[in-house]
Amino acid sequence: MPTALLFAVDGHLEPGLTRVVEADLRRQLDGLRLDGAAVGTAFEVRDARLPGHRVLVRLTALPAPGVVVDDRTSFEFSAEASPPAAPGPGAPSVEVPPELAQYASVVVTVPPDDAQALARSAARIDGLLGIPKDAVIADVVSRLRGRGWLAEWSRRHYGRLIPGADDVLRSTSFVLLTGDPGTGKSVLVHHLPPVAARRLNRPVLFVQLSERLRGSGIQGRAGTDVVGVLDAIGRMAERYGLPTVVFLDEAEAVASSRGSTDGSSGAQENVAVVDALIVGLDRVFARTDIPVVFVMATNLAGRMDPAVLRRATVYRFERPSAADRHAILVRALGDAVDMAVLEQVAAALERPEPRLTAADLLNQVIVRAVREAAHHDRPIDPEHLLHLARTAVATAPVAGG
């Protein structure tokens, strides 16, 4: 019988381009045996017909462990968390400096008065349970308010700038999100800018640095371009006077530890890249009063350089607890499935360690159940929902995370 692999696409694809992505994935995966550890793996598809000539897709579910990909295997795609929408009224367009253009996958200004974008992002964030989302949002928004806001707070409550507030003003505006794949790190950051813009009541500039930052582009120049990219971000924020969020996913590939005794050219380039990253971060915060917040996400915090970690405020994203999984089910299916059935489904999701991630539950159980019921034009089948819950495969923990 045909089998189906489920993939999440980073961004929006026109229907006709799905075939382009599928053809390239078939070429990459043909003949490979996929087990549970493959869930969460990202694949890059490059083609001149795609937006920006490339797209990133992530394997989110297998029909069963041990699937061998062949011409009978079918591929299904859904949209992953997408970056904020194009600028609307009240959000100025920006000119991207050439030093940044080739290393940024997204540069967009997010207005404070786009009700649709805000509702969409708020709903997606509300669905993230069991993670420190409120603390992360409050942290980023407070940094985006700038230096004057914190000084005013200190003087209003204490009559002076207290030493602790001065420490905050002199610290690096750098937030690091850690945790296994599928725990909601990237989703939260992608949907944070509309919320931040509304709370600040002003446009927010969102920059997502692309995979090229950790590939042959920058590393091939031994870190020279890293400082140029970060300087360009600082200049752009200053030129337009916009509070700015800069996001780098899978940060361990850029900021990995320099402690290796390996003397190869690749290891030497890694040292140069990390050195440049530290210098560039410090220079951004030293040169401008416009608030810029760097947010990085990693599945491998243990591999990151200590000097980078020391500059970060770190938030750990855990896999959802039993109560969190139950809440996710009720939120998604409470209006469609009897509560007694959802209790059984929640019990069927129990696993010895590792537990299911939120993405495992969403993509392997909820999305499949709804999609298949809609495809057959019938209500969600409780027995099938239970089957999906029992057979869902937990994403393997990442060693060194």
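Let me begin by describing the structure that accompanies this report. Keep in mind that this is a model prediction, so the values were computed, not measured.

**Focus: the overall build of the chain**
In terms of helices and strands, the chain carries 15 helices and 12 strands. Put simply, 80% of the contacts in the chain that link residues at least 6 apart link residues at least 24 apart. Working note: accessible area of the chain is about 18,100 Å², and carbon and sulfur atoms make up 52% of it.

**As for the pairing of strand β8 (residues 174-179)**
Most of β8 is tucked away: six of the six residues are buried. Of the pairings in the sheet, the one linking β8 to strand β12 (residues 313-317) comprises five bridges and is parallel in character. Across the sheet, the residue bridging to Leu177 is Tyr315, located in β12.

**With respect to the sheet that holds strand β9 (residues 204-209)**
Pairing in this open sheet of six strands is mixed, and the strands run β7-β9-β10-β11-β8-β12 from one edge to the other. With partners counted over all chains shown, the strands left at the sheet margins are β7 (104-110) and β12, one partner each. Averaged over neighbouring strand pairs, the angle between their axes works out to 15 degrees when direction is ignored. Bridging between strand β10 (residues 244-248) and strand β11 (residues 292-298) involves five bridges; their strand directions are parallel. Bridge pairing links Val245 to Val293 in β11. Contacts between helix α7 (residues 185-200) and the sheet are confined to β7, β8, β9, β10, β11 and β12, with β9 contributing the most and set at about 165 degrees to the helix.

**Section: the environment of Ala117**
Locating Ala117 in the fold gives a position in helix α3 (residues 115-126). Sequence separation of Ala117 and His191 is 74 residues, and the distance between their C-alpha atoms is 8.9 Å.

**A word on the packing of aromatic side chains**
Throughout the structure, instances matching the rule amount to three aromatic pairs. Ring centres of Phe7 and Phe77 lie 5.7 Å apart, and the angle between their planes is 25 degrees; this geometry places the pair in the stacked category. Taken together, the residues Phe7 in strand β1 (residues 3-9) and Phe77 in strand β6 (residues 73-79) connect sequence positions 70 residues apart. Where Trp153 meets Tyr158, the ring centres are 5.7 Å apart and the plane angle is 75 degrees; that geometry is what we call edge-to-face. Looking at Tyr158, the relative accessible area reads 45%, which means it is partly exposed. Every member of this aromatic cluster is reached through a ring pair, and the members are Phe7, Phe75 and Phe77.

Calculation rules
- Residues numbered from 1 in each chain as written.
- Predicted model: local features only at pLDDT ≥ 70, side-chain atom pairs only at ≥ 80, totals over all residues.
- Heavy atoms only, no water.
- Helix = DSSP H or I, 4+ residues; strand = E, 2+ residues; numbered from the N terminus.
- Contact = heavy atoms within 4.5 Å.
- Areas by Shrake-Rupley, 256 points an atom, 1.4 Å probe, with all protein chains shown as cover.
- Buried < 20%, exposed > 50% of the residue type's maximum accessible area, 1.4 Å probe, protein only.
- Pairing = 2+ DSSP bridges.
- Axes fitted to C-alpha atoms, helices over the stretch in contact; angles between N-to-C directions.
- Phe/Tyr/Trp six-rings, centres within 6.5 Å; stacked < 30°, edge-to-face > 60°.

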